[in-house]
Every structure is written in C-alpha cells, then in structure tokens.
Amino acid sequence: MSQNVLSVEQLNAVYRTELYGIKREVKVINDISLTLKRDEVFGIAGESGSGKTTLIKLLSGTHRAPLTVLGGKVSYDFEDRDACTDVLNCSRADLDSIRWKNLSYVMQGSMNVLNPVRKIHKSFIDFAYRHMDIPDKDDFREAVVTYLAKLRLPAEILNSYPHELSGGMRQRVIIALATICNPDVIVADEPTTALDVVVQRETLNLIREIQGQQKNTVLLITHDMAVHANIADRIGIMYAGRLVEEGKTRDIFYNPSHPYTQHLIGSLPRIGDSSHKEGLKGNPPNLASPPTGCPFHPRCPRAKKECSERNPAMEMIGDEHRVACYYHGAK
Amino acid sequence: MSQVQLSVKNAVKEYRLGGLISGTTFRAVNEVNFELYTGKPEVFSIIGESGSGKTTLSRMILRLIKNDGGTIELDGKDLNRIKGRKGEMDFMSRVQPIFQNPFETFNPLSRVDRYLLDTAQHFFPDDPDPEKRVEEALEAVGLSLEEIGKRYPHELSGGQLQRTSIARAIIPKPEILIADEPVSMIDASLRMSIVNLFSSLKERFDTSIIYITHDLATAYYVSDRIAIMHRGIFVEQGPARGILENPRHPYTKLLVRAALDPSPDAEDFDYKPSRFEGEEFTAKGCLFADRCEEAGNECFHVLPCEVELEDRIIRCLKYNIK
Ligand SMILES: Nc1ncnc2c1ncn2[C@@H]1O[C@H](COP(=O)(O)OP(=O)(O)OP(=O)(O)O)[C@@H](O)[C@H]1O
Ligand SMILES: Nc1ncnc2c1ncn2[C@@H]1O[C@H](COP(=O)(O)OP(=O)(O)OP(=O)(O)O)[C@@H](O)[C@H]1O
Ligand SMILES: [Mg+2]
Ligand SMILES: [Mg+2]
C-alpha cells in the first residue's frame, strides 16, 4: 500500500453545451494534478465558480453529461484490494459498491442526501446495511445506535424524518452516515455552511474526532477560511478551474505565494479589526473563453507581459508547497 | 429627528412541533422588538442559533407569512392591512428579499436574463430600456449579461447564482433589503465585495439592510446594529461593535467564543451540546438556562423581559434583578 490514497493526474474536463446549434465548452477543470495522503485532512478553497464542486463530481465518478472528461486519470488505492480504483471508468454497479464503504461523499447542499420521505433509520439501511456484514436487522440497528451514541446523537432520531431535525442535527446524521462504514476517503462539500458557529464548532470537532480514530482521508471543500485554518493539514487553492497553490495550512496562511491566495488571506475580516477590506477587483474569468496565459493575469497586481502569453505550471517552492506563478517571490 | 420606517413590536410566530412532541406549539419568534428609521439607513444584522427564527422573522417582515401576535408596520401602516395589487406592488418595490437558498429563487426553466428583464419590466413598466437597469444591477455584483445572461440557473455556480439574486433584488432600488444568509455560499473575497456593496447601497440610496448571517466577522465589519437571536428571542441588541467586542448575554458570550478565527493557531474550545430538539423551545423560563454557566434557580422558571443596559437591550435575568 502506498502512502497516497488518491492520485489525480492532469485532469481536464469541460461542460459541453449546445444552444441554438452553437456549441460551447466551459473549460471547468484544467490540468489538475493532486495527491491525497492517508490520514490527512485536505482542504480546498477557491473562487466561487472555480470548479470545486465539479472536481469532486469527477473524483467520486458521479459526473454526467454535459460534464465531459477530456483527459487525465483519477485513481484510488483503497485498503480493500478488490474495490474499483479508476472511478472515471468504473461501472455504475462498481461505483455503488464502493460508495460509503471505501469512498463517502457529501455533496454541496447535502441535506438532500437524506430522503425526505424516509425515516433516518431507513436511510441507514439503504446506505450502510449491505456494507456492514451484520445480517440481522435488529443487531444492525443496535450497531447504528451505538455509533450514534459515540457521536452524541440520541437513538430517537432514527425514528424521525429529516425535516424534523435542525440543520445541525441533520448535518451530524449525515456525518454519521458517511463515516459508519469507516471509509478510506470522505469528501465533503461545504458541510458546515448554514450552521451557527456553535454547531459549526461541534460539527468540526466531530469530524476531527472521527478522523483521529479512523485515520481516514478527508477532502473538505469550503469557502470558510476559518474552517480550513481549524481543521486542514494541507490546503489547495483553486482559481479558474486550476489548482494554483497547494501547501501546508500554516504556509497557506502565513506564507501565501500566489497573488490570488495572498488576496484571499489578506481580505479576511476578523472581530476587532475594523480596517477596510476590498474584494478582488475585476470579474471572475469566463470559463467559456478564459484569458490567455495565466488565467489570473487580468486581475493580478504583479502581472507582466509573459503572464498574458504563457500559463505558469505548478512549481515546488518549499516543503510540500507548490504554486503556479512566475513571480511568486514578489510581494 | 429620524422617523420610524419599519417597526416590529412584540412580533410572535407560533408553529406546531412536528413528530417528536406532537400537539404542542412553540414560538419560533417570541416577542421580538426593533425599529429601522427613515433618513438613518443602517445595516442591521441578525445573528443567532440555527433554527432560532431568523428566517421566520424575515418572512413576516416580507409579508410571506402572517404574524400570530404583535404588530409589524411600515411607515406606521400595519403590514396586515396592505391590500390590493397596487398596495402589494408598492410594498414590494420598497422591501426586497434575498433568500438563503438561491436555487429556490430561480425558475429552473427560465433563462437568467429573461428573469432579470421581467423583474425590471415588472417594476418599471414604462422604462424603454430595462436592459440598462439589469446591466447596472449585475455590474454592482460583479457580473454581466454577456457572461451569464444566456444561461439557465443550473449552469451557474452557487456563488454566481447568489450574486444574480442580489442583482434582482436591487433592480427596484428598495428602501429595505432583507438578506438572509446572502454570503454563506460565496468565497471570502466576494463576501467582502457583497458586504461592501451593502455599505454603498446604504450610502448611495439610503437603503437599510437587514443582514441575517452566521458569519460574525462580516457582521462585525459591516453592521451598525446587531441583534443576537436564540430560540425565538432577541437576547441582546445594540451597536454591533460594542456587542461583539463586549458581549453581555451568556448566549452571546458563547457565540463569540465559539466563532472560529481564520488562523491556524486559534484556540480550541469546549462546548456543552444543546438539549434534544424541541425540548428547549417548550421549556419554561429562560430557554438558554440549561446551557448557561451563569444561570440561577429562577432562570428555569421566569422568562426574562427586555431591559436597557447602557448601549443595549438585553433579555437576561441577571440584569433584570437589581
Ligand atoms: N451544467 C453546467 N453547464 C455549464 N456550465 C456549468 C454547469 N455546471 C457548472 N457550470 C459552470 O462551471 C463552473 C464551475 O462550477 P462549480 O459548481 O464546480 O463551481 P464551485 O467552485 O463549486 O463554485 P461555488 O463555490 O460557487 O460552489 C462555473 O463557472 C459554472 O457556471
Ligand atoms: N412551516 C413551519 N412549520 C413548522 N415549524 C417551522 C416552520 N418553519 C420553520 N419552523 C421551525 O421554526 C424554527 C425557526 O426556523 P427558522 O427557519 O426561522 O430558523 P433560522 O433562524 O432561520 O435557522 P437557520 O439559521 O438554520 O437558517 C425552527 O425550529 C423550524 O424548524
Ligand atoms: Mg460548489
Ligand atoms: Mg434561516
């Protein structure tokens, strides 16, 4: 077993749409290479519309037309040697068999993971029963109750419908569901948005606690940089469908090198700080006709001529610290 | 002197508790009071627990649901007395919503430009150039018709969709904008553009903004006044910076302590998990008592009323008893 649980190589994908006979390609994932290690929390932040949700659709094999893969590889190294690893080319049945057991994902707006007309107990049966090797239904329920109790969730919730629970409760149920089979990789897209800060803390502590026990890999997407600061070991920053910087959490916060990352970290408001903060100037790139060269150059304070001509590749600039910028040293 | 524009007095909304404890009702909004003033536009933020009634309160102010008690008035006129198409149109051009979930705001079968142009034509039927109004509104949120106009809602990212819904809301140049978690789905930099946009709408058009959010840091940054909501009650309201820098209500203290700092060296924090759903809402006395570190015996029996405490209004027995 290698140290890495997932490797993504030069992934490229587009949304291919046709409107009134005019074909359009939205270049949504561009040359992304990335590896996730065992037992780590990897955070992804980035501009709205930069392709984060799209990326995890690809990583989970749930992409459908019009999203089209142009090239690249996504391969997992699950502990279970029989599990399918090449999710871009797995059959539907294979994907179903690894979901929850090897790879759990909770998509953006995750409330809809839970079927609104089925009691929570049924959702556990639907998703986890066949992976847990506990044939007797009563024993299975017992195991679920025990697991819920570990997460400080009362057994009563199993008899509730999703809408009867608060946002925070529902979120914890989803986390319980996503982790009960002890998967190798858990992917969560904005799992704590829309929660109050107390419940958010509770939820994050829960994710940390489970991860600490199960040693799985967590891929966490959120706009909330405070969440990344609190929970991620490493962070990747996306802009215009590219990974533009990647590094240990401390490096991203204390030594950001890509001008987009620098702006992102620099514009964070804090209680007690009343200085004026600006959003990024200019418009987000149009991925149907992205700028030439580096996609950030039209908004970049340090862009030079070559930035509009050639696109910088990711370059190693420190221990586990990579950045795609010709002038990353400049401030 | 500034005149009262929006007045919320003892507003109450009751709901039946579903499933868990059936048959009982609880107050999703429990005797809430606040005012906004003409000629003194403000960003008034409401922060609070998930499920504390923020959205319910905003929906009452928007006339989407009726209050079960108290009164809500716009320029002295009870919202329940607004009648007829003309009255409703007038109200809608003055008070505009931005909803929590932009996916629900849009008709999935309708193109984005159509939707925005319809809004412009709806409010300005005699304007020969509705496109200009749409373009201006989109520009204010960092988008353009060229980029997103021809798309359908599902072809936009969450953030793009939310900015589009803000653009729609500002087309009629409303006096009051009610934004329910408008930035929770967008990136940190854009959050700042949006809250700065709120400040500029306030300054340029005298628009007051009711900003509902879980993000304490942006609320601190942009708000003039703030209200902290817990289980249907405004537990503390007053100047935003004063309250967030020096919280007095025990729930506000918990909230400020729990808020994550965007720094890898932030401290850990131990929490006391909340009671099971429904129990707190129907409990007697102060609904925060069982989680409150400062609670005395009487807190479990007496619901605190509002008292003025220096710069703020607070509902906590600690300050009720002289
Ligand atoms: N079905 C689709 N057809 C065409 N374009 C699409 C489609 N779905 C998404 N897009 C575009 O692809 C880009 C990436 O979208 P995605 O949802 O992956 O972004 P994101 O980084 O998750 O954004 P957010 O932070 O707002 O959730 C956006 O520009 C979006 O408009
Ligand atoms: N139509 C309804 N019927 C019954 N109960 C309802 C209804 N709408 C809301 N509630 C309940 O009223 C309470 C307040 O809900 P509301 O949506 O106003 O909270 P909120 O403060 O906006 O929460 P969040 O921060 O999660 O958005 C919750 O307990 C909710 O379950
Ligand atoms: Mg997304
Ligand atoms: Mg709400």
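Please read these numbers as outputs of a predicted model, since none were measured by experiment.

1. What about the interface of chain B and chain A?
A common way to express how large an interface is: the accessible area buried when the components associate. Each side of the interface is counted separately: chain B has 58 residues, and chain A has 61 residues. A salt bridge links A:Arg250 to B:Asp265; the shortest N-O distance between them is 2.7 Å. Counting across the interface, chain B meets chain A through 13 residue pairs in polar contact (both at pLDDT 80 or more). Of all the elements in the fold, those that place two or more residues in the side of chain B that touches chain A are helix 7 (158-170), helix 8 (188-205), helix 9 (216-222), helix 10 (240-245) and helix 11 (250-258) of chain B. The leading source of residues in the side of chain B that touches chain A is helix 8 of chain B, at 7 residues. The residue makeup of the side of chain B that touches chain A, split by class, is 24 nonpolar, 15 polar and 19 charged.

2. Some thoughts on the site of ligand 1
In the region of ligand 1, 22 residues are neighbours, and A:Gly49, A:Thr53, A:Thr54, A:His223 and B:Glu155 sit closest. Flanking ligand 1 are residues from chains A and B. A:His223 is positioned with one of its side-chain polar atoms (N or O) 2.7 Å from an oxygen atom of ligand 1.

3. Describing the domain arrangement of chain A
Residues and elements named next belong to chain A. Domain boundaries assigned for chain A yield domain 1 (4-232) and domain 2 (256-269 + 278-331). A straight line from the C-alpha centre of domain 1 to that of domain 2 covers 29 Å. Tallying the contact residues gives 12 residues for domain 1 and 13 residues for domain 2. Considering only the side of domain 1, the residues that lose the most area to domain 2 are Lys27, Glu47 and Met225, jointly responsible for 53% of the buried surface there. Between Lys37 and Glu320 there is a salt bridge, with its nearest N and O atoms 2.7 Å apart.

4. Notes on the side chain of B:Asp180
Within the element layout of this structure, B:Asp180 appears in strand 7 (residues 176-180). A distance of 2.7 Å separates the side chain of B:Asp180 from the side chain of B:Thr55, its partner in a polar contact.

5. Description of the environment of A:Gly329
Inspection of the secondary structure assignment puts A:Gly329 in the segment after strand 11 (321-323). Taking the C-alpha atoms as reference points, A:Gly329 and A:Ile317, separated by 12 residues in sequence, lie 9.3 Å from one another.

6. Side note on the packing of helix 3 (residues 120-128) of chain A against helix 5 (residues 167-179) of chain A
All names here are of chain A. It is the contact of helix 3 with helix 5, at a shortest axis distance of 10 Å, that shows an interaxial angle of 25°. Classified by the interaxial angle, the pair formed by helix 3 and helix 5 is roughly parallel. Helix 5 is crossed by helix 3, and the crossing has right-handed handedness. For the pair formed by helix 3 and helix 5, the contact residues are Ile120, Ser123, Phe124 and Phe127 on the first element and Val173, Ala176 and Leu177 on the second.

Rules and cut-offs
Residues numbered from 1 in each chain as written. Chains lettered and ligands numbered in written order. Predicted model: local features only at pLDDT ≥ 70, side-chain atom pairs only at ≥ 80, totals over all residues. Heavy atoms only, no water. Contact = heavy atoms within 4.5 Å. Salt bridge = Lys/Arg side-chain N within 4 Å of Asp/Glu carboxyl O. Polar contact = N/O pair within 3.5 Å; in protein donor to acceptor, adjacent residues only side chain to side chain. Helix = DSSP H or I, 4+ residues; strand = E, 2+ residues; numbered from the N terminus. Nonpolar A, V, L, I, M, F, W, Y, C, P; charged D, E, K, R; others polar. Near = heavy atom within 4 Å. Domains from an automatic or database assignment. Buried area = accessible area lost by both parts, 1.4 Å probe. Axes fitted to C-alpha atoms, helices over the stretch in contact; angles between N-to-C directions. Parallel < 35°, antiparallel > 145°, perpendicular 65-115°, else oblique. Left-handed = near helix turned anticlockwise from the far one by under 90°.

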